[in-house]
Amino acid sequence: LPEASELVVHLRCGDYFDRKDGFYWQKSLNQENNLNKLLDQNFYQFQYDGIKKISIVTALHFGANELNNKYFYSDEIYNENLKFLKNVESKINSLGYELNLVSNNDFDLDLCYMVNSNFFIKSISNVSNIIEKCLSKNTIIYK
């Protein structure tokens, strides 16, 4: 379970970072820009709320559709994900926090981790919308 003073951030990673798919590539860029804005805009609120730790919950998910050859793994997409995560880590470090990365082979563990958070930031995925519905009414969701 996350600590009481831990901000949990869900990030959509994996096949979204395919530059060849303009729609998803743009969503991945928007995710980084939106996260940076949220972190900047809420920094003082984090301090006021007593946030001591920031955890990113993500997985490098690469689905596969053999009918249209979409969402297959490639080194290029993998490297784009790593670049994105390094940028996120840099941003979190610049705010005085260390990045704690949560990513289990069993997604149920990640899901339970996120829905038990007291402080949460959503990603661009539908999974985040489901998580939001499962959060306690007392959970603070930064938007």
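Residues numbered from 1 in each chain as written. Predicted model: local features only at pLDDT ≥ 70, side-chain atom pairs only at ≥ 80, totals over all residues. Heavy atoms only, no water.

**Q** Help me understand the overall build of the chain, please; the structure alone is not making it clear to me.
**A** Within the chain, the secondary structure is distributed over 4 helices and 7 strands. For the chain, the sequential pattern of α-helices and β-strands runs β-β-α-β-β-α-β-α-β-α-β. Relative to a compact globule of 143 residues, whose C-alpha radius of gyration would be 15 Å, the chain shows 15 Å and is just as compact. By the burial criterion, 42% of the 143 residues in the chain qualify as buried. Within the chain, residue pairs in contact and separated by at least 24 positions form 69% of the contacts whose partners lie at least 6 positions apart. (Helix = DSSP H or I, 4+ residues; strand = E, 2+ residues; numbered from the N terminus. Rg over C-alpha atoms; globule rule 2.2 N^0.38 Å. Buried < 20%, exposed > 50% of the residue type's maximum accessible area, 1.4 Å probe, protein only. Contact = heavy atoms within 4.5 Å.)

**Q** Honestly, the packing of helix α1 (residues 22-48) against helix α2 (residues 75-94) in this entry has me stumped. Any pointers?
**A** Helices that pack against each other are described as a pair by the angle of their axes relative to one another and the distance between those axes. Two elements in contact, α1 and α2, have axes separated by 10 Å at closest approach and are oriented at 10°. One element, α1, and the other, α2, form an angle in the roughly parallel class. Packed against α1, whose contacting residues are Trp25, Gln31, Glu32, Leu35, Asn36, Leu39 and Asp40, the element α2 presents Glu80, Phe84, Asn87, Val88, Lys91 and Ile92 at the interface. In terms of residue class, the contact of α1 with α2 is built from 6 nonpolar, 3 polar and 4 charged. (Axes fitted to C-alpha atoms, helices over the stretch in contact; angles between N-to-C directions. Parallel < 35°, antiparallel > 145°, perpendicular 65-115°, else oblique. Nonpolar A, V, L, I, M, F, W, Y, C, P; charged D, E, K, R; others polar.)

**Q** Explain α1 to me, please; I cannot follow it from the model alone.
**A** Because an α-helix completes one turn every 3.6 residues, residues spaced three or four positions apart along the sequence face the same direction. Over its 27 residues, α1 extends 39 Å from the first C-alpha to the last, a length consistent with the 39 Å expected when each residue adds 1.5 Å. Looking only at α1, the buried set comprises Tyr24, Trp25, Ser28, Gln31, Glu32, Leu35, Leu38, Leu39, Asn42, Phe43 and Phe46. Those residues of α1 hidden inside the fold are in contact with β1 (6-10), α2 and β6 (119-121). A positive backbone phi angle near 80° is found at Gly50, which sits one or two residues after α1. (Expected span 1.5 Å × (residues − 1).)

**Q** Would you mind going over the packing of aromatic side chains with me for this structure?
**A** Aromatic ring pairs are reported here in terms of the distance separating the ring centres and the angle at which the planes meet. For the structure shown, the criterion picks out 8 aromatic pairs. Between Phe17 and Phe84 the ring centres are 5.0 Å apart and the planes differ by 40°, which places this aromatic pair in the tilted class. One end of the pair, Phe17, is in the loop between β2 (13-14) and α1; the other, Phe84, is in helix α2, with 67 residues separating them in the sequence. Residues Phe17 and Phe84 agree in their burial class; the two are buried. (Phe/Tyr/Trp six-rings, centres within 6.5 Å; stacked < 30°, edge-to-face > 60°.)

**Q** Looking at this structure, I do not really get helix α3 (residues 107-115). What am I missing?
**A** Along α3, the residues classified as buried are Asp110, Tyr113, Met114 and Val115. Buried residues belonging to α3 abut β1, β3 (53-57), β5 (99-102), β6 and α4 (126-134). Between the side-chain oxygen at the start of α3 and the backbone nitrogen of Asp108 there is a gap of 3.0 Å, and the oxygen is on Asp106. (Polar contact = N/O pair within 3.5 Å; in protein donor to acceptor, adjacent residues only side chain to side chain.)

**Q** Before we go on, may I ask you to explain the side chain of Thr139 in this structure?
**A** Topologically, Thr139 is positioned in the loop between α4 and β7 (140-141). Reaching out from Thr139, the side chain makes a polar contact with the backbone oxygen of Ser117 at a distance of 3.0 Å. Beyond its immediate sequence surroundings of up to four residues, Thr139 is in contact with Ser117, Asn118, Phe119 and Phe120.

**Q** Got a minute to help me understand the packing of α3 against α4 in this structure?
**A** Close contact between α3 and α4 brings their axes to 9 Å; oriented N to C, the two are set at 50°. Classified by the angle between their axes, α3 and α4 sit oblique to one another. Both α3 and α4 take part in a crossing whose hand is right-handed. The residues of α4 that touch α3, namely those facing Phe107, Leu111, Met114 and Val115, are Val127, Ile131 and Cys134. Partitioning the contact of α3 with α4 into residue classes produces 7 nonpolar, no polar and no charged. (Left-handed = near helix turned anticlockwise from the far one by under 90°.)

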